[in-house]
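Below are the chains, spelled out letter by letter.
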Amino acid sequence: THVQLRNSLPDTLDNLAAALESSDASPTRALLTDSQEHGAVRFTQSYNLTELLIEFDVLRPILMEECALHMGRDITLGEIIALNMGVDLASRRSVMCFVNYQKRELQLAVNAHAKYLSFMSHDVRGGLNAILLSTDVLHQELSDQPKFAEALTDVATIKRNIMETVGTMDRFLRAEQLRSGNVV
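Notes on the structure follow. (Residues numbered from 1 in each chain as written. Predicted model: local features only at pLDDT ≥ 70, side-chain atom pairs only at ≥ 80, totals over all residues. Heavy atoms only, no water.)

## A look at the packing of helix 3 (residues 49-71) against helix 4 (residues 77-142)
Taken N-terminus to C-terminus, the directions of helix 3 and helix 4 make an angle of 155°; their axes are 10 Å apart at the nearest point. The angle between helix 3 and helix 4 falls in the class roughly antiparallel. Where helix 3 crosses over helix 4, the handedness of that crossing is right-handed. In this structure, helix 3 uses Leu-49, Leu-52, Leu-53, Phe-56, Arg-60, Leu-63, Met-64, Cys-67 and Met-71 to contact helix 4, whose residues at the interface are Glu-79, Ile-80, Leu-83, Asn-84, Val-87, Asp-88, Ala-90, Ser-91, Ser-94, Val-95 and Phe-98. Its residues assigned to classes, the contact of helix 3 with helix 4 comprises 14 nonpolar, three polar and three charged. (Axes fitted to C-alpha atoms, helices over the stretch in contact; angles between N-to-C directions. Helix = DSSP H or I, 4+ residues; strand = E, 2+ residues; numbered from the N terminus. Parallel < 35°, antiparallel > 145°, perpendicular 65-115°, else oblique. Left-handed = near helix turned anticlockwise from the far one by under 90°. Contact = heavy atoms within 4.5 Å. Nonpolar A, V, L, I, M, F, W, Y, C, P; charged D, E, K, R; others polar.)

Okay, structure coming up:
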């Protein structure tokens, strides 16, 4: 919320001031780490990317105002540039954290999809093969008896439907292999 954002500003200002005042790299590294954590926290709180960017847009003028109040004077152009660079860096880091999380989630979804197709290939195809063999046996047993001529047509239809289903599964599996780059 806006209140929570304002309440966190003293810590943000302290970290930013330490980074700007220091010739040592550790305060800047701490600021970068905080900004990455900020992006992760916002993501786990179900913020979307647009909300995250709006939050940084809200932070920017508040940060300028608080700096001026803290110093008791107007901030200089150099200080404005430095503050803007800090906010830009924090927002970039947060966005990258958000994007990397999304990439990991997408990869998990892709892996689950591949496992599903693998299951379909192995388990469903095994059952269909058993049905297909049974239709062949049934066709042979009934083919000598004229009274089952109509039933043989039904058996042929069952066999054709199974073959079409297996063909569809093969197309899905080939598409997955192409997508994942596993085609020799």
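Having put the structure on the table, let's press on.
## Quick look at helix 5 (residues 149-180)
With 32 residues, helix 5 ought to run about 46 Å at 1.5 Å a step, and its terminal C-alpha atoms sit 47 Å apart, in line with that. Considered for burial, the residues of helix 5 that qualify are Leu-152, Val-155, Ile-162, Val-166, Met-169, Leu-173 and Glu-176. Two residues or fewer after helix 5 comes Gly-181, characterised by a positive phi angle close to 80°. (Expected span 1.5 Å × (residues − 1). Buried < 20%, exposed > 50% of the residue type's maximum accessible area, 1.4 Å probe, protein only.)

## Side note on the pattern of salt bridges
In the structure shown here, the tally under the stated rule is four salt bridges. A salt bridge links Arg-60 to Asp-88, with the nearest nitrogen and oxygen atoms 2.7 Å apart. Taken together, the positions of Arg-60 in helix 3 and Asp-88 in helix 4 put the pair 28 residues apart, joining distant regions of the chain. Here Asp-88 falls in the partly exposed class, since its relative accessible area comes to 31%. (Salt bridge = Lys/Arg side-chain N within 4 Å of Asp/Glu carboxyl O.)

## A few points about the environment of Leu-13
Tracing the backbone through its elements, the reader meets Leu-13 in helix 1 (residues 2-21). Looking at Leu-13, the relative accessible area reads 15%, which means it is buried. Residues Leu-13 and Met-64, 51 residues apart in the sequence, show an inter-C-alpha distance of 9.9 Å. Non-local contacts of Leu-13, meaning those with residues more than four positions away in its chain, are made with Leu-63, Glu-66 and Cys-67.

## As for the side chain of Thr-135
By the secondary structure assignment, Thr-135 is in helix 4. Judged by relative accessible area, Thr-135 falls into the buried class, the value being 8%. Sequence-distant contacts of Thr-135, defined by excluding residues within four places in its chain, comprise Val-155, Ile-158 and Lys-159.

## So, the packing of helix 4 against helix 5
Where helix 4 meets helix 5, the closest approach of the two axes is 9 Å, and the angle between their N-to-C directions is 160°. For the element pair helix 4 / helix 5, the angle class is roughly antiparallel. Helix-helix and strand crossings are classified by hand; for helix 4 and helix 5 the assignment is left-handed. By residue class, the composition of the contact of helix 4 with helix 5 is 19 nonpolar, five polar and six charged.

## Topic: helix 3
Residues separated by three or four positions in an α-helix point in the same direction, a consequence of the helix having 3.6 residues per turn. Taking 1.5 Å of rise per residue, 23 residues should cover 33 Å, and helix 3 covers 33 Å from first to last C-alpha, within 8% of that figure. Buried residues of helix 3: Leu-52, Glu-55, Phe-56, Leu-59, Ile-62, Leu-63, Met-64 and Cys-67, and no others. At the C-terminal side of helix 3, Gly-72 shows a positive phi close to 70°.

## Notes on the layout of surface pockets
Over the atoms rolls a probe the size of a water molecule, and in doing so it shows where empty space is left. Quantified by volume, the second largest pocket comes out at close to 350 Å³. Contributing to the lining of the second largest pocket are 14 residues, with Leu-13, Ala-17, Cys-67, His-70 and Met-71 lying nearest its centre. Here the lining of the second largest pocket takes seven residues from helix 1, the largest share from any one element. Residues of the lining of the second largest pocket, tallied by class, amount to nine nonpolar, one polar and four charged. (1 Å grid on protein atoms, 1.4 Å probe; cavity = no way out; pocket = protein on both sides within 12 Å on 5 of 7 lines; lining within 4 Å. Points joined across faces, edges and corners; volume = space filled by probe spheres on them.)

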